[in-house]
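Here is how the chains run, residue by residue.
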Amino acid sequence: MPFGLRIVPQNNRGLVETLGKYKRSVDPGFHFYFPFFQKIRNVSLAMEPLALPNYSIITKDNADVSASLTLNFHITDPVKYQYENTDSVESMAQLVRGHLRDIIGRMDLNEALGSTAKINQELTLAIGDLTNTYGINVDRINIDELTPSRAIQEAMDKQLTADRERVATIAKAEGEAKSIELTTKAKNDALMATAKAEADATKTRANAERYRIDTVQAGLAEATDKYFQNQSINAFSDLAKSNTNMVVVPSDSSDEFGKIPVIGKLLGTKDDQPHNLNINS
């Protein structure tokens with residue numbers, strides 16, 4: 001056949017080569033070419049994912065971390081992609097790795113582990129548009145994980161355990177201190193309540209005694225002579241029954257003798273001693 005037929009699929013670009021030399025680009029569809037002399041090479045313009053394997057990065061504080069990332073790219077210039085670079089994808093991957101090492105190398109380990117979003121943003125700005133160099137545009141970059149070395153992980157685990165134990169110890173001590181404070185407060189409140197109750201009881205007894213004395217005094221103030229005469233008779237009667245030897249009472253004060261009815265008890269003696277009662281006036 002004097003002519004060849006080639007189909008360029010959708011979202012592809014055909015590169016026509018004549019005797020191995022690029023001649024022109026063709027759009028998707030049917031295209032004729034001369035066999036043996038010409039060739040149509042298809043280049044996909046669709047977005048493609050690329051996973052970059054783990055590789056070691058040293059942080060600012062000399063910690064070894066392993067980085068893993070994925071990116072999405074698409075070809076924007078098929079001629080540069082195909083003819084100006086031996087492997088444009090690998091060249092792009094090396095550029096991404098180099099920028100990532102530079103960004104993480106300016107960070108401490110803790111800062112790097114907690115700043116993946118910031119690293120993604122700085123890495124995207126650093127790469128920019130690769131069309132002028134490789135004919136490729138990177139659409140999205142995402143760091144999947146940053147993993148410290150095994151020795152660093154063990155040290156971090158020990159530190160984390162120590163921090164947790166320290167926090168637990170502090171919390172336990174604060175709880176015990178709070179318990180002691182509440183217990184002391186409860187005891188003080190109980191002592192204050194007891195003291196107040198005793199003070200109120202003493203005050204009540206004093207008021208009652210004062211009321212009794214006031215009542216007795218008021219009653220004595222209103223008593224008549226007949227009352228004291230009756231008390232005197234009772235007092236002499238009680239004295240007559242006691243063992244008292246002698247009681248001297250002035251004749252002009254005998255009518256007041258009833259005001260002290262307890263004199264019989266004050267003058268009382270033992271019952272087993274016989275005595276005679278003599279009252280002289």
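Just so it is clear, the model here is predicted, and its values are computed rather than measured.

**Student:** Help me understand the pattern of salt bridges in this model?
**Tutor:** If the charged atoms of two oppositely charged side chains come close together, the side chains can form a pair. Under the criterion given, the structure shown has seven salt bridges. A salt bridge links Asp27 to Arg13; the shortest N-O distance between them is 3.7 Å. A residue pair is termed long-range when its members are at least 10 positions apart, and Asp27 in the loop between strand E3 (21–26) and strand E4 (29–33) and Arg13 in strand E2 (residues 12–18) qualify at 14 residues. Classification of Arg13 as partly exposed rests on a relative accessible area of 27%. For Lys196, the salt bridge identified is with Asp200, shortest N-O distance 3.3 Å. Here Asp200 and Lys196 lie together in helix H6 (residues 150–222), a separation of four residues that amounts to about one turn. Residue classification places Asp200 among the partly exposed positions, given a relative accessible area of 38%.

**Student:** Looking at this structure, how should I read the packing of aromatic side chains?
**Tutor:** Between two aromatic rings, the relevant description is the distance of the centres plus the angle of the planes. By the definition in use, this model includes one aromatic pair. Considering the side-chain rings of Tyr22 and Tyr83, the 5.5 Å spacing of their centres and the 45° angle between planes classify their relative orientation as tilted. You can see Tyr22 sitting in strand E3 and its partner Tyr83 sitting in helix H1 (residues 78–83), a full 61 residues away along the chain. Taking relative accessible area as the criterion, Tyr22 reaches 28% and is therefore assigned partly exposed. Above the ring of Tyr55, the side-chain terminus of Arg97 is found at 5.6 Å from the ring centroid.

**Student:** Before we go on, may I ask you to explain the pairing of strand E6 (residues 48–58) in this structure?
**Tutor:** In regular strands, side chains alternate between the two faces of the sheet. With nine bridges connecting them, E6 and strand E7 (residues 64–75) associate as antiparallel partners. By the bridge assignment, Ser56 is partnered in E7 with Ser66. Counted along the chain from E6 to the antiparallel partner E7, the turn is five residues long, and its residue Asn62 has a positive phi close to 65°.

**Student:** Would you mind showing me how to read the sheet that holds strand E8 (residues 136–148) here?
**Tutor:** By definition, the strands of a sheet pair up through backbone hydrogen bonds, in either a parallel or an antiparallel sense. Strand order in the open sheet formed by three strands is E6-E7-E8, with antiparallel pairing between adjacent strands. Where the open sheet ends on each side, the last strands, each with one partner, are E6 and E8. On average, each strand axis in the sheet is tilted by 20° relative to the strand beside it, whichever way the strands run. Strands in contact with helix H2 (residues 88–105) are E6, E7 and E8; relative to E6, the strand with the most contacts, it is inclined by about 40°. Most of the contacts of helix H4 (residues 116–127) go to E8, to which it runs at about 145°, and overall it touches E7 and E8.

**Student:** Where do I start with the confidence of the model for the protein chain in this structure?
**Tutor:** Interpretation of the predicted coordinates at a detailed level should be avoided for regions scoring low in pLDDT. Taken as a whole, the protein chain shows an average pLDDT of 77; of its residues, 74% reach a score of 70 or greater. Averaged over each element, pLDDT in the protein chain is lowest for helix H8 (residues 263–266) (45) and highest for H1 (89).

**Student:** I tried to follow the nonpolar core on my own but got confused; where do I start?
**Tutor:** One recurring pattern in soluble globular proteins is that nonpolar side chains are buried together. Counting 30 residues, the largest nonpolar core has Leu69, Leu71, Met92 and Leu100 as the members making the most contacts within it. Elements with a contribution of two residues or more to this core: E6, E7, H2, helix H3 (109–113), H4 and E8. Among the elements that make up this core, the one with the highest residue count is H2 (seven residues). With sequence-adjacent residues up to four places away left out, Met92 is seen in contact with Leu50, Leu71, Phe73, Leu130, Tyr134, Ile136 and Val138. Core analysis: the next-biggest nonpolar cluster, separate from the first, contains five residues, Val8, Val16, Val26 and Ile40 among them.

**Student:** Sorry if this is basic, but what is going on with unusual backbone geometry here?
**Tutor:** For residues other than glycine, phi is negative in most cases, and the peptide bonds are mostly trans. Positioned with a positive phi, Asn11 is a non-glycine residue whose angle comes to about 60°. Assignment of secondary structure puts Asn11 in the loop between strand E1 (4–8) and E2. Within the chain, Asn62 stands out as a residue other than glycine whose phi angle is a positive 65°. Inspection of the secondary structure puts Asn62 in the loop between E6 and E7. Relative accessible area serves as the criterion here: at 67%, Asn62 is assigned to the exposed category.

**Student:** Is there a simple way to think about the sheet that holds E2 in this case?
**Tutor:** If you walk across this open sheet you meet the three strands as E3-E2-E5, and the pairing is antiparallel. Only two strands of the sheet have a single partner each, and these edge strands are E3 and strand E5 (38–44). Taking the axes of each pair of neighbouring strands and ignoring which way they run, one obtains an average angle of 30° across the sheet. In terms of strand pairing, E2 meets E5 through seven bridges, oriented antiparallel.

The rules behind each value
Residues numbered from 1 in each chain as written. Predicted model: local features only at pLDDT ≥ 70, side-chain atom pairs only at ≥ 80, totals over all residues. Heavy atoms only, no water. Salt bridge = Lys/Arg side-chain N within 4 Å of Asp/Glu carboxyl O. Helix = DSSP H or I, 4+ residues; strand = E, 2+ residues; numbered from the N terminus. Buried < 20%, exposed > 50% of the residue type's maximum accessible area, 1.4 Å probe, protein only. Phe/Tyr/Trp six-rings, centres within 6.5 Å; stacked < 30°, edge-to-face > 60°. Lys NZ or Arg CZ within 6 Å of the ring centre and 35° of its normal. Pairing = 2+ DSSP bridges. Axes fitted to C-alpha atoms, helices over the stretch in contact; angles between N-to-C directions. Contact = heavy atoms within 4.5 Å. pLDDT = per-residue confidence, 0-100. Core = buried A, V, L, I, M, F, W, Y, C linked by side-chain atoms within 4.5 Å.

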